[in-house]
Every structure is written in structure tokens, then in C-alpha cells.
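Overview (structure and organization)
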Amino acid sequence: MPSWVKSGFNEYAKRLPPSCRLNLIEIPLRKRTKNANLARLQHQEGEQMLAAIAQGAYVIALDERGQMSNSPQLAEQLAHWMQEHSTVALLVGGPEGLSAACLQRAQQRWSLSALTLPHQLVRIVVAEQVYRAWSLLNNHPYHRAFQN
């Protein structure tokens, strides 16, 4: 992963308190070649992702067909996740997206945008949005959008 990706993710992750800690578990992408069986690679990566999920975790798949939220709505979601679940797993797929098994395991699907985003950028956006949601819940000045 490029250093700017690690730096961007870490910048937001370190701002969060222990009660809302982001723990990144990377599943290495398998090599994509001209003749690679992409469905098989996606399946294998999905199996590794599922194996890395903590038992009893609430699973949210980052998926372009998922529910989109504005910042206050995401803050409400974060409050719910934190109150109802001791562990939440956010699954970000590789270039081919998440495997069918990962999507099936997820209790919720979250869409960051109608645009397709590279998975490197997604991890930064997710970290920033979780931090923004946390800041809204805690009346932190980070989120300065007009509020009624």
C-alpha cells in the first residue's frame, strides 16, 4: 500500500478514542495477471476476509449498492453500532469488489458514493467518515456544517 494511504488512514484512526478504535486488518491482494481467474481470486480473498472477522461481530459491507447516508445519519448509525455491538467489521473489497460470501455474511451494506472508488482511497474515506460521525456525536468542532 502506498505510504499516502497508510498516512491518511492513520491520521483519522489515531484521533478516535479507544471506545471507537479502528483496527485495520489487511488481506493481501493476490497477483492479477492477464489470464487470472478473477472470480476465483475474489472468492479466495473473500474467504480470507471472512476468516479474519471476529466471532460475533456485526458485519458491514462497503458496497456501491448499499445505503448512502449523510454525515448526521452516519453519526446516528455509528451511535447504534457502538451501543448494540461490541465489535463491528467493515469489509472493503479489492478491485473486483466483495465476494458473494462476504456480501451474504454482512448484516448491512454501506455505500460511500454512487461512484466506484479505488479500495486504497476507500480506507481513508471510511476512517475520515467514522471520525466525522464520532465528532458529531461528541459535539467536537471537526464537523462544521450548518446544523439547525
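Residues numbered from 1 in each chain as written. Predicted model: local features only at pLDDT ≥ 70, side-chain atom pairs only at ≥ 80, totals over all residues. Heavy atoms only, no water.

What about the pairing of strand β1 (residues 58–67)?
Each regular strand shows side chains that alternate between the opposite faces of the sheet. Which entries qualify depends on this criterion: A simple rule labels every residue: compare its accessible area, found with a 1.4 Å probe on the protein chains alone, to the largest value its type can have, and call it buried under 20%, exposed over 50%, or partly exposed in between. In DSSP terms, a helix is any run of H or I states spanning at least four residues, a strand is any run of E spanning at least two, and both are numbered starting from the N terminus. Strands are treated as partners if at least two bridges between them are detected by DSSP. Look down the strands so they point away from you; if the path from the first strand over the helix to the second goes clockwise, the crossover is right-handed.
Counting buried positions over the 10 residues of β1 gives 7, a clear majority of the element. Here β1 runs beside strand β2 (residues 88–91); their pairing, made up of 4 bridges, is parallel. Each bridged residue has a counterpart across the sheet, and for Tyr58 the counterpart in β2 is Val88. For the crossover from β1 across helix α3 (residues 71–84) to β2, the handedness is right-handed. Judged from the 4 bridges that link them, β1 and strand β3 (residues 108–110) form a sheet pairing that is parallel. Across the sheet, residue Ala61 finds its bridge partner in β3, namely Arg109.

Thoughts on the packing of aromatic side chains
This is how it is decided: Ring geometry is summarised as follows: Phe, Tyr and Trp rings, the Trp one being its six-membered ring, pair when their centres sit within 6.5 Å, and such pairs are stacked at plane angles under 30 degrees, edge-to-face over 60 and tilted between the two.
Overall, the coordinates contain 5 aromatic pairs when judged by the stated rule. Taking the centre distance of 6.3 Å and the plane angle of 40 degrees together, the rings of Tyr12 and Tyr131 count as tilted. Of this pair, Tyr12 sits in helix α1 (residues 3–13) while Tyr131 sits in helix α5 (residues 119–137), and the two are 119 residues apart along the sequence. Assessed through its relative accessible area of 17%, Tyr12 is described here as buried. In this structure Tyr131 comes out as buried when scored by relative accessible area, which is 4%. Between Tyr131 and Tyr142 the ring centres are 4.8 Å apart and the planes differ by 65 degrees, which places this aromatic pair in the edge-to-face class. A residue pair is termed long-range when its members are at least 10 positions apart, and Tyr131 in helix α5 and Tyr142 in the segment after α5 qualify at 11 residues. The residues Tyr131 and Tyr142 share a single accessibility class, namely buried. Here the aromatic residues Tyr12, Tyr131, Trp134 and Tyr142 are joined through ring pairs into a cluster of three or more.

Quick notes on the side chain of Ser135
What counts, and what does not: Two residues qualify as a contact provided that any one of their heavy atoms is within 4.5 Å of a heavy atom in the partner residue.
Summarising the element assignment, Ser135 is placed in helix α5. With sequence-adjacent residues up to four places away left out, Ser135 is seen in contact with His140, Tyr142 and His143.

Let's talk about the sheet that holds β3
To keep things clear, this is the line we draw: Whenever a helix is involved, its axis is fitted only over the stretch in contact; in every case the axis is a line through C-alpha atoms, and angles between N-to-C directions fall within 0 to 180 degrees.
The strand order across the open sheet built from 3 strands is β2-β1-β3, with neighbouring strands paired in parallel fashion. The sheet terminates laterally at β2 and β3, the two strands that pair on one side only. Strand-to-strand twist across the sheet, computed as the mean angle between neighbouring axes with direction ignored, equals 40 degrees.

Quick word on the environment of Gly66
Looking at where Gly66 falls in the secondary structure, it is placed in strand β1. Distance from Gly66 to Ile25, taken between C-alpha atoms, is 22 Å for residues 41 residues apart in sequence. Filtering out sequence-adjacent residues up to four positions away, Gly66 remains in contact with Arg109, Trp110 and Ser111.

Overview of the pattern of salt bridges
Threshold: Counted as salt bridges are all cases of a side-chain nitrogen of Lys or Arg within 4 Å of a carboxyl oxygen of Asp or Glu.
Applying the stated criterion to the full structure yields 9 salt bridges. Between Glu96 and Arg32 there is a salt bridge; the shortest N-O distance is 2.3 Å. Here the residue Glu96 occupies a position in the loop between β2 and α4 (100–105), and Arg32 occupies one in the loop between α1 and α2 (38–52), the gap between them amounting to 64 residues. Close ionic contact of Glu64 with Arg65 constitutes a salt bridge, the shortest N to O distance being 3.8 Å. A residue is classified by how much of its surface remains accessible, and Glu64, at 45% relative accessible area, is partly exposed. Each of Asp63, Glu64, Arg65 and Arg109 takes part in a single network of salt bridges with overlapping partners.

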